[in-house]
Amino acid sequence: MHGQVSSQCPSPNPTSPPPSSTSPPSTDLPPPTLPPSTTPVPLLSPSPHPPCFMADQVRGELRKLQPRKAAGPDRVCPQLLKTCAAELEEPLQRVFNLSLELGKVPTLWKMSCIIPVPKKNRPSELNDFRPVALSSHLMKTLERLFLNLLRPQVQHAEDSLQFAYRDKVGVEDAIIYLLHRVHSHLTRGDKLLQMRVDPCLVAWISSYLTDRPQFVRMKDITSDTVVSSIGAPQGTVLSPILFTLYTSDFCYNSEMCHIQKFADDTAIVGCIRDDQEEEYRCLIGTEEVEGVQTYKYLGLWLDNRLDWTSNTRQLYKKTQSRMYFLRRLRSFNICRKLLWMFYQSVVASILSYAVVCWGGSATKADLSRLEKLIRRASSVVGMKLKPLATVAERRTIDKLRSIVDNVRHPLQKPDQPEAAPPQVQDQQTGELIHPPSHQAVQLLTGGEEGQQEDWNNTAIT
């Protein structure tokens, strides 16, 4: 029953008509347009029975709240909502359904408290602070319920190459997909209405995005409240999916070029052969593109030889600096369990970051340097720690299972160009490099062997 729309729900106000589909919501966002390849579809008429939420759905979402989270501007703590879920389910169900039917969001629930969190020990300017928004947990509960209504109606319009804000898809998937396409080159508002979203939901989203009060609190000092009607509000449940939908028509995907996104981090990947760069230039314009030896993408350093030397060099340097703090803790006679917890959260998290993508392609010398760091950490912690190769193998298998189980994963798209297994040769040892991530991809794509080409022919912007 969870997440489904029922037409049998009692309406708090049966006489109020549903929002008209001929009056698009008023926002400060520019008029959206359809993707070039999309054929306009008839807009949906308002449903005679507006969607609503069931009491057990409300109770289920209240029980999922994390009690240790800070309360929002309404001072309602999540622990109270979770504890009293059974008692609050029916009153909140009526309030939530009334908000959905009227297409209005209570102003108090839209208010955000902005807490500036310092990025460094001694902040000296505004950019040294990271704004963290606290919002109402009642609003977040309503947003999660609303998301269950919205997501089935917009799945067809989502960009398959947007890797953020998706269940069981993340940084590693974005990097794997980018490398998969690169290796394949080496071998060869009104907008919601146009997406056929229920006009009742569109009207509610319009109210949700506009006239949002927010203020800044720093220690005991509180700023004046200002009202914002632009952008996606921070710290909310719906903002990720709304951002994804708003940018869904910024997409391109052909055999030689594609645009892929991770939130607002966008990469344009193109294969340029025999100086034929017309398609790539159509995406980036006529400005000169600077050639570089290394490129940082989502925290990983890609180099023009795909041997990951630059990445492992950065990993080694960063891990060494964190090993200093591990040794300092050991000097205070901290128990082994706490030392192990510190190693896992501070040191190992750096060493094994996206290891699925580079663990099988790094040179033996680079991997040996990283394994030495693990052995040193093992002597400091006082227990045997898992080798990097073991961690990489386990995570690669887990990632492969995740890709196979997720039918909406970009690597399972039927229109995806076939890619052959990479035959990238190390220029020093002459060995062929086979990334484990790409080996896993081949189990899905079933490509044939191809020929080696120059990695420098592939452009990433």
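This text follows the structure it describes.
To start, this report covers the structure provided alongside it.

Calculation criteria
Residues numbered from 1 in each chain as written. Predicted model: local features only at pLDDT ≥ 70, side-chain atom pairs only at ≥ 80, totals over all residues. Heavy atoms only, no water. Salt bridge = Lys/Arg side-chain N within 4 Å of Asp/Glu carboxyl O. Helix = DSSP H or I, 4+ residues; strand = E, 2+ residues; numbered from the N terminus. Buried < 20%, exposed > 50% of the residue type's maximum accessible area, 1.4 Å probe, protein only. Pairing = 2+ DSSP bridges.

### What to know about the pattern of salt bridges
Move 1: In this structure the tally under the stated criterion is seven salt bridges.
Move 2: The salt bridge involving K64 is made with E61; its shortest N-O contact spans 3.8 Å.
Move 3: We note a salt bridge from D398 to R394, for which the minimum N-O separation is 3.8 Å. Of this pair, D398 and R394 both sit in helix α15 (residues 388-405), four residues apart, roughly one helical turn.
Move 4: Here D398 falls in the partly exposed class, since its relative accessible area comes to 37%.
Move 5: Using a relative accessible area of 39% as the deciding quantity, one classes R394 as partly exposed.

### Thoughts on unusual backbone geometry
Move 1: At R75, a position not held by glycine, the phi torsion is positive, near 65°.
Move 2: Note that R75 resides in the loop between α1 (55-63) and α2 (78-83).
Move 3: Not every positive phi belongs to a glycine, and D274 is a case in point at roughly 55°.
Move 4: Locating D274 in the fold gives a position in the loop between β7 (265-271) and α10 (278-284).

### Looking at the pairing of strand β9 (residues 300-303)
Move 1: Of the pairings in the sheet, the one linking strand β8 (residues 294-297) to β9 comprises four bridges and is antiparallel in character. Across the sheet, the residue bridging to K296 is W301, located in β9.
Move 2: Counted between consecutive antiparallel strands, the loop separating β8 from β9 contains two residues, among which L298 sits at a positive phi close to 50°.

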